[in-house]
Structures are given as structure tokens and as C-alpha cells.
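Listed below are the residues making up each chain.
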Amino acid sequence: MSSKRKRIIMITIRVVLAIILTTVAILIIVGNSKKDKSAPTEELSNWQSMIIDQTRIKDMVIAGAHDAGTAGLPYFAATQDRSTIDLLECGTRYLDLRVSYAKGKLLIYHGPSKGVALADVLDEVKQFITAHNTENVILDFQHFDEKDTEAQLGAIEMTESVLDGLLIANDTNLTDVEFIDTLTLEQARGKCLVVWGRENETVLNKSYVFKRNNDGGTRTDSVIHSYYTGSLNKKSSSKYISVALPAYIDKYKEENCGLFVLQGQLTDGLFVFGPQFREATHTDKMNKYLDSLKQSDDLQYINIVIRDFISPAKNCHTIQLNMDKGVVDENYLDQFGKMIGENM
């Protein structure tokens, strides 16, 4: 090979490396630009204490965490950067949990990456709900990786063991959908609601386990609906908000029963940009969308809103809608409004 050709190859390699490093630097800068590690006020840990007792869970607006327990995973897999108890103290009351059975352990996972132990997540949920018995936490087990059966049975046994006495059970003559449709916050305070995303009769036959719908909304008798279409979630923030969110809400209107999870996060379909970069392009627009719901007819259908990289401010853009729904106790309206202002 001639020396001239060698020089051309070396120059080409250097240019490619420079482009890659520049791209990575831009992704890091943009991703970190919206990073919010602010601490919540104490009131945010107890915000449900200010909601009217007789409010049905489905009539509240609840802040949720997409892929909870993924803090510390590689950039392409992490969708949160706070521990479970930190998420809860920030006002999160719905946790999307994905469980993998790997090397004899039950671990939280996202994509190809394994994270914290499920036991640690459940211990933190127990710690929080025991200390804040005015609150309710929804645990949504919707995905299981690899050894599916072992993951499911292990997860439910561990949940039952760790959260014994803290689980909402349907011991009535009502169907599960009827039970959840009438469940009030007063009945749910200090307890956890477990929903399940697999057709596992051993698990679903337990009185404290409730069936969730699948992404396409085709499972019957589901108490919770969380629609997801990958092609929509991979769109730009503006397109996602204008196309996907109305489509998901319209789909729930057809059901109009059970709880409704509105997926507020984007998806990095290429595993290149990473969730943090995608969220940085989306945060402000999603906040404005939630604020706009105050004057929208769709507000009546808004129930649970899940997001990536939870912060007190993000959660408050969701939680504030309880004031517009009229479910905040009038004795706490000023305190509730102050809490929103201080954390937003």
C-alpha cells in the first residue's frame, strides 16, 4: 500500500472518529440540559393526603414513572435517574416494573440491560407506604424477560412476601373491573395495587392481582389500559403530542372503564440517542401539553401519566390537574397550590 493511500485512510479514520466523538458530546450536552436533580418538598411526599377521601382512583390524576428502577443502567437503557424511594418522594404513585430472572436473581431490566434487584424496589415501596399511609402506590408488572415463568412466579411470591398486609384485594362479589371502577382513595390509602401483564392463571387467580391490558388493548376484563404503538412513540416530540396522545385518549374513550395510563415518554428506536436525549427534546413540550389539559374536554379521561426521568417539577405538571378536576379537599386548596408552585 502506498504511503499516500495510508495517509488518506488515516485521515478518514480520524474524521470518522471526530464525527462520532462530536455526536456523543452533543448527545451528552443536550441530554444533560434538562437533567433535574432538585429535591422535592415534604408536602409532595404526602400529596394524596390533600385529596378528598371519596375520590375514585380513576378520577384522580396520578404521576407515574416509566421503567422505574432503571437508574444506573447504560445510557441507552436508563429511563430514570432516581431510586424508587426518591421517585415516590417526588410524588410518583405508579411504577412501571419490568422483571428478569437471571442467574437465580429477580432483577429490573430494560432492553438488554439488567439493573437493581426487585427485592430492593419492593423494600423501598414498603418503606415509603408504611411511612406515608395516606398514599397509594400502583405497581404495574407488564414485562418479563427471558425465563418468563420463573420471573413471574418469583416476582409475585416476592411481592406477596414483602408487601404482606399492604396489598389491595378484591374480596367482594364484584368483578375486578367493577371493583376498580368503584375503588376510592380512602379504601386504597396505605396500600399497593398490583396489576399484571401476562395471561398467567396462577398469578391472576390471586385476589390481590388485577389484569392489565396489553399495548394494543386486546385483553378483555382488564382493569388498567396502557396503550403503546412503537411507531408513534418514535416520532418527534411535536408529532407525538399532536398524533399519538389524542389517539391513545380516543382509544380509552372506547373502553371508558378501569384505569387509564397515558404514556408521556418517547422511544429511542435505534438505541443510538438514548432516552435522556429524547426526553431532553420532549420535556418542555410535554409540560405545556399537560398544562393545556386544564381547559380541555379530555381532562375527564386523564388518570395516570407516565414519564421518563422523573423530577418534582415534571410530576407537578401532572398532579396539579387534580385541582382542575375538583378532587382536592377545599381545606387544602391553598396548601396544594403552594406545593405545586414550590416544586414546579
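Up top is the structure these notes are about.
The present account deals with the structure reproduced in this document. (Residues numbered from 1 in each chain as written. Predicted model: local features only at pLDDT ≥ 70, side-chain atom pairs only at ≥ 80, totals over all residues. Heavy atoms only, no water.)

Comments concerning the pattern of salt bridges
Filter applied, for reference: Salt bridges are defined by distance alone: a side-chain nitrogen of Lys or Arg within 4 Å of a carboxyl oxygen of Asp or Glu. When a residue's accessible area, from a 1.4 Å probe over protein chains only, is under 20% of the maximum for its type it is buried; when over 50% it is exposed; and in between it is partly exposed. Where helices and strands are cited, they refer to DSSP runs of H or I of at least four residues and of E of at least two residues respectively, numbered from the N terminus.
Within this structure, the stated rule accounts for 17 salt bridges. Across the salt bridge formed by aspartate 59 and arginine 56, the nearest N and O atoms sit 2.8 Å from each other. Of the residues examined, arginine 56 reaches a relative accessible area of 31% and is grouped as partly exposed. As a salt-bridge pair, lysine 338 and glutamate 342 come within 3.9 Å of each other at their nearest N and O atoms. Of this pair, lysine 338 and glutamate 342 both sit in helix α14 (residues 333-343), separated by four residues, roughly a single helical turn. The network of salt bridges with shared partners includes Asp67, Asp96 and Arg98.

Observations concerning the packing of aromatic side chains
To keep it simple, the criterion reads: Centres within 6.5 Å are what make two rings of Phe, Tyr or Trp a pair, Trp counting through its six-membered ring; a difference in plane orientation under 30 degrees is then read as stacked, over 60 as edge-to-face, and the rest as tilted. The rule is short: NZ of Lys or CZ of Arg within 6 Å of the ring centre and within 35 degrees of the ring normal puts a charge over the ring.
On inspection of all chains with the given rule, the structure shows eight aromatic pairs. Between phenylalanine 144 and tryptophan 196 the ring centres are 5.1 Å apart and the planes differ by 35°, which places this aromatic pair in the tilted class. Of this pair, phenylalanine 144 sits in strand β5 (residues 136-146) while tryptophan 196 is found in strand β6 (residues 191-196), placing the two residues 52 residues apart along the sequence. Taking relative accessible area as the criterion, tryptophan 196 reaches 0% and is therefore assigned buried. Taken together, the ring pairs connect Phe141, Phe144 and Trp196 into an aromatic cluster. Above the ring of tyrosine 227, the side-chain terminus of lysine 251 is found at 5.7 Å from the ring centroid.

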